[in-house]
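Each chain, written out:
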Amino acid sequence: MKKLLIPLSLLLFSCEKSDVLPIQPPLINSVKPKEFRYDTLTSNEVRLTSTRWDNFNGKGLIGYADLNNDGEDDVIYIDGDVFIRIYKNGIYESYKIPNVSFIFARSIIPFDINGDNLLDFVVLAHNDERLQFNPGEVPYVFINRGNNQFETKKLNTKQDFWHLGTAGDLDGDGDNDLIICTAGSVSYFKNVGGELIETPNVIPSSYKDSHYVGALIDDFNSDGINDVIFFGHEYAILKDKSQIALTRIMYGSKSGIFTEENSITLNEDKIGFGVIIDALCYDLNNDGKEELILIRTGDPINFSFYKGYRVQILNQTTDVTSQFIDNPYSYTEGWICMIKLVDVNKDGKRDIVELDKRREKHFIQK
């Protein structure tokens, strides 16, 4: 993940001109640095129709994952049907995964489900009959069988308004578990021999009635045990303090149980960006500590629902946004749906890049 730096030393010899040694080419490490693209899909393929959060229509949902273990990111792409693009040196071949399609796909979660060292993925369907008729849409599991072949099956959970999910080892048994969220509930799936089994009492049961739309698994306190941050409609806490809406990092423990007693909370946004769209962690400045990046949009209490954007960068609970980027928010521009971390200006630092047909927006790291 880190940029490979190759030092070049120049040795000066004291000798006559005729005795100058020939200059040897520098030794080049045979491991090619991993290339990160942000323009893999054309503008016509990324969010083809949407200008509103509730008009996605399954168009242009993308995810990145190295599906064949060749060291280069491939693309999972959903436009009704599900496709994969397998890349090699910038050249790709496309494959359609048969027998599954989505009316309103919302997110893609790549992770190794069955422990065979091939990345599988889960697709969450953004089902809500109040918005449009999506008959029977539930999350699907795609098991990577190699050679660009995938076995598909429904995730055994209810039809719901699924938003975002995250995967990682939460119970310390060495495999990847799964958390998925709607706009009003959180569900935990324990990995049992490659099967994802919905399991109660790992996270607070009260989170089944919450304002969390997403979660992110990472070791936030660097103790070797995975933690979870829950985020979503943070603005609700401003209207009613009893709401389950605080952005909260729950620390993991050897028991595998997550509680509010073993957690910290982040200050709720009070300037109008109380909806958190997504979150990710990355060591932006290569100091050995990961920063937490929150992508926000407008809330209906202080501003307008899904209007504008704010990129917030945190070190634990401390806002360090201004240390990394300029102009992190706008009340007037459209909201940010998808981002990727890319070294845009080739200075060795990852920048935040929006993936959207409406504009090409970069937040360049200082």
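Each chain carries its own residue numbering, running from 1 in the direction its sequence is written. Only residues with pLDDT of at least 70 get local features here, since the model is predicted, and only at 80 or more are side-chain atom pairs given and counted; chain-wide, interface and lining totals rely on the full set of residues. Side-chain metrics in this entry use all non-hydrogen atoms of the structure; hydrogen atoms and water are not considered.

**Description of the side chain of Asp283**
Part 1: As for its placement among the helices and strands, Asp283 is situated in the loop between strand E17 (275-282) and strand E18 (291-297).
Part 2: Not counting chain neighbours up to four residues away, the residues in contact with Asp283 comprise Gly288, Lys289, Glu290 and Glu291. Secondary structure elements are defined from DSSP: runs of H or I of at least 4 residues count as helices, runs of E of at least 2 residues count as strands, and each element is numbered from the N terminus. Contact definition: two residues touch when any of their heavy atoms are within 4.5 Å.

**Considerations on the nonpolar core**
Part 1: In terms of nonpolar packing, the biggest core is built from 29 residues, with Ile293, Ile295, Val311, Ile313, Ile336, Ile352 and Phe363 touching the most fellow members.
Part 2: Looking at this core, the elements with two or more residues in it are strand E1 (61-65), strand E2 (74-79), E17, E18, strand E19 (309-315) and strand E22 (339-342).
Part 3: By residue number, the principal contributor to this core is E17, which donates 4 residues.
Part 4: Counting 19 residues, the second largest nonpolar core, distinct from the first, contains Ile84, Val100, Phe142 and Phe150. Buried Ala, Val, Leu, Ile, Met, Phe, Trp, Tyr and Cys residues form a nonpolar core when they are joined through side-chain atoms within 4.5 Å. In this scheme, a residue with accessible area under 20% of its type's maximum is buried, one over 50% is exposed, and one in between is partly exposed, where area comes from a 1.4 Å probe on protein chains only.

**Regarding the side chain of Asp227**
Part 1: Relative to the helices and strands, Asp227 resides in strand E14 (residues 227-232).
Part 2: We call two N or O atoms a polar contact when they sit within 3.5 Å, provided that within protein one can donate a hydrogen and the other can accept it, with sequence-adjacent residues counted only if both atoms are side-chain atoms. Within the local environment of Asp227, its side chain forms a polar contact with the backbone nitrogen of Phe220, the two atoms lying 2.7 Å apart.
Part 3: If we ignore the near neighbours within four places in the chain, the residues touching Asp227 are Leu216, Ile217, Asp218, Asp219, Phe220, Asn221, Ile249, Met250, Tyr251, Gly252 and Phe258.

**Brief notes about the sheet that holds strand E4 (residues 91-101)**
Each strand in a sheet pairs with its neighbour through backbone hydrogen bonds, running either in the same direction (parallel) or in the opposite one (antiparallel).
Part 1: Strand order in the open sheet formed by 4 strands is E1-E2-E3-E4, with antiparallel pairing between adjacent strands. Lying at the two open borders of the sheet, with one neighbouring strand each, are E1 and E4. This sheet shows a mean twist of 20° between the axes of neighbouring strands, independent of strand direction.
Part 2: Two strands are counted as paired when DSSP detects at least two bridges linking them. Bridge count for strand E3 (residues 81-88) against E4 is 8 bridges, and the pairing is antiparallel. For Arg85, the partnering residue across the bridge sits in E4 and is Ser94. Under this scheme, a helix contributes an axis fitted over its contacting stretch, all axes are lines through C-alpha atoms, and angles between N-to-C directions fall in the 0 to 180 degree range.

**Section: the sheet that holds strand E15 (residues 248-250)**
Part 1: Reading across the sheet, the 4 strands line up as E13-E14-E15-E16 and stay open at both edges, with antiparallel pairing between neighbours. Unpaired on one side and paired on the other, strand E13 (212-218) and strand E16 (263-265) mark the two borders of the sheet. On average, adjacent strands in this sheet sit at an angle of 20° to one another, irrespective of strand direction.
Part 2: Here 6 bridges tie E13 to E14, and the two strands are oriented antiparallel to one another.

**Digging into empty space enclosed by the protein**
Part 1: Of the two site types, the cavity is a set of points on a 1 Å grid over the protein atoms alone where a 1.4 Å probe fits but cannot get out, and the pocket is an open set with protein on both sides within 12 Å along at least five of seven lines, each lined by residues with an atom within 4 Å of a point. Grid points are joined across faces, edges and corners, and a volume is the space filled by probe spheres set on the points. For the structure on display, the rule yields 2 cavities of 30 Å³ or more.
Part 2: One number sums up the size of the second largest cavity: a volume of about 40 Å³.
Part 3: Along the walls of the second largest cavity sit Arg106, His163, Leu164, Val213, Val275, Ile276, Ile277 and Tyr306, which together make up its complete lining.
Part 4: Contributions of two or more residues to the lining of the second largest cavity are made by strand E9 (162-168) and E17.
Part 5: In terms of residues, the lining of the second largest cavity owes the most to one element, E17, which gives 3 residues.

**Remarks on the pairing of strand E12 (residues 195-198)**
Part 1: Bridge count between strand E11 (residues 186-192) and E12: 4 bridges; the pairing is antiparallel. Looking across to E12, one finds that Lys190 is bridged to Ile197.
Part 2: Taken together, E11 and the strand that follows it, E12, pair antiparallel across an intervening segment of 2 residues, in which Gly193 is found at a positive phi of about 60°.

**Some thoughts on the pairing of E9**
Part 1: Counting buried residues in E9 gives 5 out of 7 residues, a clear majority hidden from the surface.
Part 2: Of the strand pairs in this sheet, E9 and strand E10 (residues 177-182) are connected by 5 bridges, and their pairing is antiparallel. Following the sheet pairing, Trp162 is matched in E10 by Thr182.

**So, the confidence of the model for the chain**
Low pLDDT means the predicted coordinates in that region are not meant to be read closely.
Part 1: The predicted model of the chain has a mean per-residue pLDDT of 83, with 80% of residues at 70 or higher.
Part 2: One number per residue, pLDDT, summarises how confident the predictor is, and it ranges from 0 to 100. Contacts from residues 1-36, a stretch scored under 50 in pLDDT, to residues over four places away or in other chains number 23 contacts.

**Observations regarding the layout of surface pockets**
Part 1: Taken as a whole, the largest pocket spans an internal volume of roughly 1500 Å³.
Part 2: Lining the largest pocket are 42 residues, and of these Tyr64, Ile108, Pro110, Leu280 and Ile339 sit closest to its centre.
Part 3: For the lining of the largest pocket, the secondary-structure elements that each account for two or more residues are E1, strand E5 (105-111), E9, E13, E17 and E22.
Part 4: Looking at side-chain class alone, the lining of the largest pocket contains 27 nonpolar, 6 polar and 9 charged residues. Residues are grouped as follows: nonpolar covers Ala, Val, Leu, Ile, Met, Phe, Trp, Tyr, Cys and Pro; charged covers Asp, Glu, Lys and Arg; every other residue, Gly included, is treated as polar.

**Some details on a nonpolar patch on the surface**
Part 1: On the surface, Ile271, Tyr329 and Tyr331 cluster together into a nonpolar patch covering about 280 Å² of accessible area.
Part 2: The topology assignment puts Ile271 in the loop between E16 and E17.
Part 3: Taking relative accessible area as the criterion, Ile271 reaches 40% and is therefore assigned partly exposed. A patch consists of residues whose relative accessible area exceeds 30% and which take part in no salt bridge; residues with like charges are grouped when within 9 Å of each other, and nonpolar side chains (Val, Leu, Ile, Met, Phe, Trp, Tyr) when within 5 Å. Only the protein chains shown count as cover for residues, and the accessible areas themselves come from Shrake-Rupley with a 1.4 Å probe. Criterion for a salt bridge: a side-chain nitrogen of Lys or Arg within 4 Å of a carboxyl oxygen of Asp or Glu.

**A closer look at the packing of aromatic side chains**
Part 1: Aromatic rings from Phe, Tyr and Trp, with only the six-membered ring used for Trp, were paired whenever their centres fell within 6.5 Å, and each pair was classed as stacked if the ring planes differed by under 30 degrees, edge-to-face if by over 60, and tilted otherwise. Taken as a whole and assessed by the stated rule, the structure comprises 18 aromatic pairs.
Part 2: On the basis of an interplanar angle of 90° and a centroid distance of 6.0 Å, the ring pair of Phe102 and Tyr140 is categorised as edge-to-face. A residue pair is termed long-range when its members are at least 10 positions apart, and Phe102 in the loop between E4 and E5 and Tyr140 in strand E7 (residues 140-146) qualify at 38 residues. Accessibility classification places Phe102 together with Tyr140 in one group, the buried group.
Part 3: Site record: aromatic cluster; members linked through ring pairs are Phe102, Phe121, Tyr140, Phe142 and Phe150.

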